[in-house]
Amino acid sequence: MIHTIPYFDAHCDTIHRCHTAGTPFRDPELRAFYDAAGDLRRSGGHIDLERAGGFSRYAQFFALYQSPRLVPEGSSMPEQGVLLHQRFLREMEENRERILPCRTGAEVDEAVGQGKAAALLSIEGAELLDCDIRRLDTAYDWGVRLLNPVWNYANRLSGSNAQQPEQGLTAYGRDFLQRMEELSIYVDVSHLSDAGFWDVVRLSRRPVVASHSNSRAICPHRRNLTDDMFRAIRDSGGVAGLNYYQHFVGDDPTMEGLVRHVEHFLELDGERSLCLGGDMDGCELLAPSLGGDVSFALELQNRQESLFALLTALESAELTGAVRAIHLGDPTVLSMDYTERFTVEMPYGADYPRLLRYLTLVIEELETNLTGVIDLTRDGEPHFRPN
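The written sequence of each chain sets the order in which its residues are numbered from 1. Given that the model is predicted, a residue must reach a pLDDT of at least 70 before its local features are reported, and side-chain atom pairs must reach 80 or more before they are shown or counted; all residues, however, enter totals for whole chains, interfaces and linings. For the side-chain quantities, the full set of heavy atoms in the structure was used; hydrogens and water were omitted.

Next up on the list: the nonpolar core. Side-chain atoms within 4.5 Å are what join buried Ala, Val, Leu, Ile, Met, Phe, Trp, Tyr and Cys residues into a set we call a nonpolar core. Only protein chains enter the area calculation, which uses a 1.4 Å probe; residues under 20% of their type maximum are buried, those over 50% are exposed, and those in between are partly exposed. Formed by 61 residues in total, the largest nonpolar core has its most connected members in L64, L147 and V189. With residues up to four places along the chain from it excluded, the contact list for L147 reads I123, A126, L129, L136, F176, M180, I185, Y186, V187 and D188. The next biggest cluster of nonpolar side chains, apart from the first, holds 23 residues, and it includes V323, Y352, I374 and L376. Between two residues, a contact is recorded if the distance between any of their heavy atoms is within 4.5 Å.

In this section: helix α8 (residues 194–203). A run of H or I in DSSP counts as a helix once it spans at least four residues, and a run of E counts as a strand once it spans at least two, with each numbered from the N terminus. Regarding α8, the residues found buried are G196, F197, D199 and V200. Looking straight down α8, one finds that the buried residues subtend no more than 165° of arc, so they occupy a single side. Elements that come into contact with the buried residues of α8 comprise α7 (171–182), β6 (186–187) and α9 (227–236). What the arc covers is the set of directions going from the helix axis to the C-beta atoms.

Strand pairing is assigned whenever DSSP identifies at least 2 bridges connecting the two strands. Bridge analysis of strand β7 (residues 209–210) against strand β8 (residues 239–242) gives two bridges, and the strand direction is parallel. Bridged to V209 within β8 is V239. Crossovers are described as right-handed under a simple rule: with the strands pointing away from the observer, the path leading from the first strand over the helix to the second runs clockwise. Viewed along the sheet, the connection from β7 through α9 into β8 turns out right-handed. Pairing of β8 with strand β9 (residues 274–276), which is carried by three bridges, proceeds in the parallel orientation. Note that in β9 the partner of A240 across the bridge is L274.

As a further point, take the packing of aromatic side chains. Only Phe, Tyr and Trp rings are paired, with Trp represented by its six-membered ring, and only when their centres lie within 6.5 Å; those with planes under 30 degrees apart are stacked, over 60 edge-to-face, the remainder tilted. The tally for this structure, following the rule as stated, stands at 13 aromatic pairs. An angle of 25° between the planes, with centres 4.2 Å apart, marks the rings of F230 and F265 as stacked. Taken as a pair, F230 in helix α9 and F265 in helix α11 (residues 255–267) lie far apart in primary sequence, 35 residues in all. Taken as a pair, F230 and F265 share a single burial class, namely buried. These aromatic residues form a ring-pair network of at least three members: Y7, F55 and Y58. The lysine or arginine in question, R17, covers the ring of F33, its NZ or CZ lying 3.7 Å from the ring centre. Its guanidinium or amino end placed over the ring of Y172, R156 lies 3.7 Å from that ring's centre, counting from NZ or CZ. We count a charge as sitting over a ring when the NZ of a lysine or the CZ of an arginine lies within 6 Å of the ring centre and within 35 degrees of the ring normal.

Following this line, the structure appears as structure tokens:
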């Protein structure tokens, strides 16, 4: 059935997760969330190209996004913007047989005509451009065609729906919006304050986009749209993207609850103004039935518990010093770099004390100059694959 379905999504944070994977966060849960999605081709996150290949046609707006709380010491938000764009280009190059970067609708049509996915670029939070009008030209050259002036934090352009919600577009924010429109970069209002939203509606001469926002009438969250907001987007010729995040779906965070948002927008004559903007890889809890019978939250919990169990077993066996890195990106296999010689593969939820005893025995029997992969994922004896 999925092979007959075309899928166009207006917002995901997959590039952010790919970029952040491998960061040695102290919080194991945070580290597990990011390490699960370190690769666009195949990952344990919400989006990867292998799964997306099941759609008859697939196009995706990939957001360049960074949380100010996660900016490494010595770096800056504008530098993070450059690095995120570089990661986007790297993923496009490494997966060029599956996906093509696009800047126009014609390029999207060309990509899907070749049987490939189409990637478009957006920015979530103008802090990645230092909120500098002059850097909008750089964003345009990168291929950015959709931009949200704010994320959750207010900045010199506007208040957000989470901080200074009474603040609309500043004078500089209005100039910023005007330059965006001159460059044909569409404004995304999903995180703007309500006051900022209405300033955009009043000033914009182009269709207005809320890339990942639901109905506030169904779920009274400040991130969602009032009926009047949706009508304004509809009347501008713009679209609102349905967000899959449970907190924005409401008291019934199920597929049925999500459908209620669709039905409500349709009641507002929104059949040409509604799209999908799942916020995938930007939230932990998707509405159940999206992506499988078990929610991502349970998958993440399994990975977290496995990581704790492995770390405990390593400490008990006094082997912690030999471990260089632990990788959680594969959906089924937990792996670790052990000394400089071996990659060790283990299943999630395993008896790690027993597997570590196996590991010690295997290494003792190997020649001292061998390097390779020690596979402990199978029942019975361990397996060694030399490099």
